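Overview (structure and organization)
As a plain string of letters, each chain reads:
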Amino acid sequence: MFTRDACVGAASLCLAALPLTVGALAQDTPPFGFGSPTTQQELAKFFAIPPDGRGLPPGSGDATLGAKIYAQNCTSCHGDHLEGNPAKGVGGDKLIGGRGTLATKTPIKTVESYWPYATTLFDYVKRAMPFNAPGSLSDDDVYSVVAYILAQATIINPTETMNATTLPKVVMPNRDGFEPDPRPEMQLYR
Amino acid sequence: MFPGRVPTDRRAFLFAAGSTAGAAAAAVLGSTARAADQRAPPGAQYFEIPADPTKELGRAVAADGGYGSRSQFESEVRWRYPTPNEYTSWSMTPLDKMLGNLTASGLHFERHHGGIPTIDPLRHMLLVHGMVSTAKKFSMADIKRFPSVTRKYFIECSGNGLTEWNKPTLKTVQGTHGLLSTSEWTGVQFATIAREVGLDDGGTWVLAEGADAAVMTRSIPLEKMLKNGLLAYGQNGEAIRPEQGYPLRLILPGYEGNTHIKWLRRLEVSDKPFMTREETSKYTDLMANGKARQFTFEMEAKSVITFPSGEMKLPGPGFYDVTGLAWSGRGRVQSVEVSSDAGKTWYPAHMESIPEPICTVRFSFPWIWDGKPAVLQSRCTDETGYIQPTLAQLVAIRGANGPFGSIYHLNAIQSWAVAADGSVTNVHA
């Protein structure tokens, strides 16, 4: 069997033999060896928080501190009362209200009425907010502003602390509002 | 330009520097240069027009610095939809002006959620980790060493046509259908990378993450990634454009555009979806009963006539080569039909090339206009037997609960009314 080292010296011969060679290797053997291993340290700066809260960082916050963080970082786009700001150059989403509107002619989709998981709110704020300085909030600040939004939405009590344990337990009003894609609809086939 | 020769004319220097650099330089250099540059449309350079090009010498070979530009007489551009915020917004391809099947890279539609990042490919890394045997990072040089594939695919934003559910709203096909573009993409298949890192048993989803200010994330079924997920670094024969994800973009053939994560920096294999903001609060389809469809990935069969189309005016009765594009996220387009009487009678259209899977195909139809009012429509059938529906059929299924309900995945038959005076308008018929 050819080895990769042998391939370097016998390129033209190896081109013909390579498919057989690859096929003969064990299933879990990387055929190319490109790239380099990552370390836990490198991976630690990345995150994506699923509903079970896996990967939530240490730290905590509550609505009292969150109100201050919100006032400093969020009001210009999302309004003093989380009502959103559609102005030209801004276009910030409304964050609360809209419960009971989803099945009407004028649905209002907000964190309160539409978002199924509180973990998504933490993930998104930490990931991409504030809009003009993404990723600039500390984890405590993110927990705090999330607590503030959830409290303003009357989903949690204003005194509750949000952290890696409590956040995944928050039950959002529209938790069961989603269903898998049923397409393609059979009546659209010939 | 000859080596070492310094251009004496400032305008000539700007042209030699290439259009983009020229435009940037013009902004710095002041009003004279700027005025000169504005005489050419974006992407073009202005040259004096000789009375007779056969009576004087043309421009020197490679005087453009070695990267060409389009004619100064061609002016079609992408149109930004007027969202309040121009950093999270979209621009649309001028389908009415496009020729053939591929979209010029500079006219490919855009959708950005936090602006267009500038990324040094020498510093860019792709991390692949999670439920894998060996978590790895790949430089762009690493990625380019893997065997590559080159394939033509369309990308369509799931919001294409979102303004058109309740009444005809935008006037041109650029507005109604311009979140559709087709390119030849070159890159490495995800399956190749997956074998390199080894997949653990139980992995079913892959998080794809971009390196833009939105740090855009979507969860993708592992099965789809292994079937035909492509990590693309090439577009139409050159490096992928910055606004299309330079230096690396995920291509998921047939899936809604927002899943084709641009500026791709991370893939995390998981046993469940991450329920990111984009796949819960945004790209979901709220139905009339208050429930929302989630992970509605596939772009279903769709076609549109691009000539004649909205805002055009036919000069008079006679022959017209009606033409347009058809596509399906589920495979090849099998057939296209055209109607000139609002769908009462259908005739087969001519396919101008052999349809490829998950790629647009241009169709045409010879039409003799008798000068009377007409309504032109096209509909396609894909290889699965799915027939492009009417708007009434779609609304019957999805409901029409306002501008914030089921706004995505509008693939209905488009109607263009031709009036007796030859003017063409967007109508619901």
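Our structure is the block above this text.
Anyway, here's the lowdown on the structure attached to this text. (Residues numbered from 1 in each chain as written. Chains lettered and ligands numbered in written order. Predicted model: local features only at pLDDT ≥ 70, side-chain atom pairs only at ≥ 80, totals over all residues. Heavy atoms only, no water.)

Another point: the sheet that holds strand E16 (residues 302–307) of chain B. Strand pairs in the sheet, formed through backbone hydrogen bonds, run parallel or antiparallel to each other. Residues and elements named next belong to chain B. If you trace the four strands from one edge of the open sheet to the other, you get E16-E17-E21-E20, paired in antiparallel fashion. Among the strands making up the open sheet, the edge pair consists of E16 and strand E20 (350–351). Looking at chain direction, strand E17 (residues 318–327) and strand E21 (residues 361–369) are connected through nine bridges and run antiparallel. Bridge pairing in E21 places Leu-325 opposite Arg-362. (Pairing = 2+ DSSP bridges. Helix = DSSP H or I, 4+ residues; strand = E, 2+ residues; numbered from the N terminus.)

Looking now at the packing of aromatic side chains. Taken as a whole and assessed by the stated rule, the structure comprises 20 aromatic pairs over all chains. When the ring of Tyr114(A) is compared with that of Phe178(A), the centres are 5.2 Å apart and the planes differ by 55°; the resulting orientation is tilted. With a gap of 64 residues between them, Tyr114(A) in the loop between helix H5 (75–78) and helix H6 (118–128) and Phe178(A) in strand E4 (residues 178–180) connect regions that are remote in the sequence. Across the pair, exposure class does not vary: Tyr114(A) and Phe178(A) are buried alike. Consider the rings of Tyr189(A) and Tyr386(B), whose centres lie 5.8 Å apart with planes at 85°: the pair is edge-to-face. Highlighted residues: Tyr189(A) in the segment after E4 and Tyr386(B) in the loop between strand E22 (374–382) and helix H9 (391–398), drawn from two different chains. A cation over a ring is seen here: Lys126(A) above Phe47(A), with NZ or CZ 4.9 Å from the ring centre. Over the face of the ring belonging to Phe47(B) we find Arg59(B), whose NZ or CZ atom lies 3.6 Å from the ring centre. (Phe/Tyr/Trp six-rings, centres within 6.5 Å; stacked < 30°, edge-to-face > 60°. Buried < 20%, exposed > 50% of the residue type's maximum accessible area, 1.4 Å probe, protein only. Lys NZ or Arg CZ within 6 Å of the ring centre and 35° of its normal.)

Next up on the list: the state of the cysteines. In a disulfide, the sulfur atoms of two cysteines are held together by a covalent bond. For the coordinates displayed, the defined rule picks out zero disulfides over all chains. The thiol of Cys77(A) is unpaired, and the distance to the nearest cysteine sulfur, on Cys74(A), comes to 8.7 Å. Not engaged in a disulfide, the cysteine Cys380(B) finds its nearest cysteine sulfur in Cys359(B); these two sulfurs lie 13 Å apart. (Disulfide = S-S within 2.5 Å.)

Residues and elements named next belong to chain B. As for its placement among the helices and strands, Ile-305 is situated in strand E16. Note: C-alpha distance between Ile-305 and Trp-416 (111 residues apart in sequence) is 8.2 Å. Here Ile-305 is in contact with Val-173, Val-322, Thr-323, Gly-324, Val-338, Phe-363, Leu-376, Gln-377, Ser-378 and Trp-416, once residues within four sequence places are set aside. (Contact = heavy atoms within 4.5 Å.)

Of note, the amide linkage connecting Arg183(A) to Pro184(A) takes the cis form, showing an omega dihedral of 0°. By the secondary structure assignment, Pro184(A) is in the segment after E4. Omega for the peptide link from Tyr246(B) to Pro247(B) comes to 5°, which places this bond in the cis form. Mapped onto the elements of the fold, Pro247(B) is located in the loop between strand E11 (238–239) and strand E12 (249–251). Although it is not a glycine, Asn236(B) adopts a positive phi angle of roughly 50°. Here Met275(B), not a glycine, exhibits a phi torsion of approximately 60°, which is positive. Within the secondary structure, Met275(B) sits in the loop between strand E13 (264–270) and helix H8 (277–282). Classification of Met275(B) by relative accessible area gives buried; the value is 10%.

What follows is about the side chain of Thr217(B). When you line up the elements, Thr217(B) lands in strand E9 (residues 217–221). Since its relative accessible area comes to 3%, Thr217(B) is described here as buried. Setting aside residues up to four positions removed in sequence, Thr217(B) forms contacts with Arg127(A), Leu207(B), Ala208(B), Glu209(B), Ile261(B), Thr276(B) and Glu278(B).

Now for the sheet that holds strand E3 (residues 110–112) of chain B. All names here are of chain B. Ordered in space as E1-E2-E3, the three strands form an open sheet in which the pairing is antiparallel. The sheet terminates laterally at strand E1 (79–80) and E3, the two strands that pair on one side only. Examined bridge by bridge, strand E2 (residues 89–92) and E3 share three bridges and lie antiparallel to one another. Residue pairing across strands places Trp-90 opposite Arg-111, the latter belonging to E3.

Okay, the side chain of Asn160(B) next. Residues and elements named next belong to chain B. Mapped onto the secondary structure, Asn-160 falls in the loop between strand E6 (149–156) and helix H5 (173–177). Reaching out from Asn-160, the side chain makes a polar contact with the side chain of Glu-156 at a distance of 3.0 Å. Apart from the residues lying within four places of it in its own chain, the contact partners of Asn-160 are Met-92, Thr-176, His-177, Gly-178, Leu-179, Leu-180, Lys-302 and Leu-410. (Polar contact = N/O pair within 3.5 Å; in protein donor to acceptor, adjacent residues only side chain to side chain.)

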